[in-house]
Amino acid sequence: MSAYRSVVAGLIGGAVGTLAMGQYWTRVAPLLQGDSGSSGGSEQPKKDEHSISVIGQQHQPGESSTAAIGRVAYEKAEGHAPGKQTRAALSEAVHWGMGVGSGALYGALAGRGNPVKGAAFGVGLWALVDEGIVPLLGLQDGPAATPAKGHANRLGAHLTYGLALGVTALLIDALLPED
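Residues numbered from 1 in each chain as written. Predicted model: local features only at pLDDT ≥ 70, side-chain atom pairs only at ≥ 80, totals over all residues. Heavy atoms only, no water.

### Comments concerning the packing of helix 1 (residues 3–33) against helix 3 (residues 84–110)
Helix 3 packs onto helix 1 with a crossing angle of 140° between their chain directions and a minimal axis gap of 7 Å. Between helix 1 and helix 3, the interaxial angle falls into the category oblique. At the point where helix 1 passes helix 3, the crossing takes the right-handed sense. The residues of helix 3 that touch helix 1, namely those facing Ser6, Val7, Gly10, Leu11, Gly14, Ala15, Thr18, Leu19 and Met21, are His95, Trp96, Gly99, Val100, Gly103, Ala104, Gly107 and Ala108. (Axes fitted to C-alpha atoms, helices over the stretch in contact; angles between N-to-C directions. Helix = DSSP H or I, 4+ residues; strand = E, 2+ residues; numbered from the N terminus. Parallel < 35°, antiparallel > 145°, perpendicular 65-115°, else oblique. Left-handed = near helix turned anticlockwise from the far one by under 90°. Contact = heavy atoms within 4.5 Å.)

### Regarding the packing of helix 2 (residues 65–78) against helix 3
For any two helices packed against each other, the geometry is given by the interaxial angle and the distance between the axes. In contact at an axis separation of 7 Å, helix 2 and helix 3 are set at 115° when each is read in the N-to-C sense. In terms of orientation, helix 2 and helix 3 fall into the roughly perpendicular class. Between helix 2 and helix 3 lies a crossing of right-handed hand. Across the interface between the two elements, Thr66, Ala67, Ile69, Gly70, Arg71 and Tyr74 from helix 2 touch Thr86, Arg87, Leu90, Ser91, Val94 and His95 from helix 3. Split into classes, the residues belonging to the contact of helix 2 with helix 3 amount to five nonpolar, five polar and two charged. (Nonpolar A, V, L, I, M, F, W, Y, C, P; charged D, E, K, R; others polar.)

### Quick notes on the packing of aromatic side chains
Under the counting rule described, the total for this entry stands at two aromatic pairs. Aromatic pair Tyr24 and Trp25: ring centres 5.7 Å apart, planes at 85°, arrangement edge-to-face. Accessibility expressed as a relative area gives 8% for Tyr24, which makes it buried. Overall, Trp25 belongs to the partly exposed group, its relative accessible area being 36%. (Phe/Tyr/Trp six-rings, centres within 6.5 Å; stacked < 30°, edge-to-face > 60°. Buried < 20%, exposed > 50% of the residue type's maximum accessible area, 1.4 Å probe, protein only.)

### A look at the pattern of salt bridges
Tallied over the full model, the rule gives seven salt bridges. Measuring nitrogen to oxygen at the nearest pair gives 2.8 Å for the salt bridge that ties Arg87 to Glu63. Of this pair, Arg87 sits in helix 3 while Glu63 sits in the loop between helix 1 and helix 2; the two residues are 24 residues apart in sequence, bridging distant segments of the chain. Notably, a salt bridge pairs Asp130 with Arg154, separated by 2.5 Å at the nearest N-O pair. Of this pair, Asp130 sits in helix 4 (residues 115–136) while Arg154 is found in helix 5 (residues 148–175), placing the two residues 24 residues apart along the sequence. For the pair Asp130 and Arg154, a shared accessibility class is recorded, and that class is buried. Salt bridges sharing partners connect three or more residues here, namely Glu63, Arg71, Glu75 and Arg87. (Salt bridge = Lys/Arg side-chain N within 4 Å of Asp/Glu carboxyl O.)

Laid out in structure tokens, this is it:
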């Protein structure tokens, strides 16, 4: 199978995986997480007492890592904070860009789609990016600040992403004409 074909299957699989991850957060995570007791977001950023960041806290209280990336990039480019709708759009753009881009990387690395490889890839993203790089960059609180249920939920979301990615890439590969 050609690398181009694998990357295309991974791109499409990444989009489906991102959709599946969104459904996980909407339908499954609330059942497992319970009441998180989050605030309305009007408070000033607090220092993360469990930070492992090498550059300091970049996220605001209650802000996802994708929202923080979008907000920080916007502030650097425009010189001021984005409005509420722009923040939401930027967060979605970062989320989808990461999901589809990771799918392309999966296709390039894994070759033919495979649900087991996809699940392993999703777990790898969780471990490397979500539990490692993101807190190191101060885009979310350090790992010790999150209860075990939160880590398990993020693992479940990435596992869902990876399974959907692997299955979709396998199906796309079967549907694409031979090279």
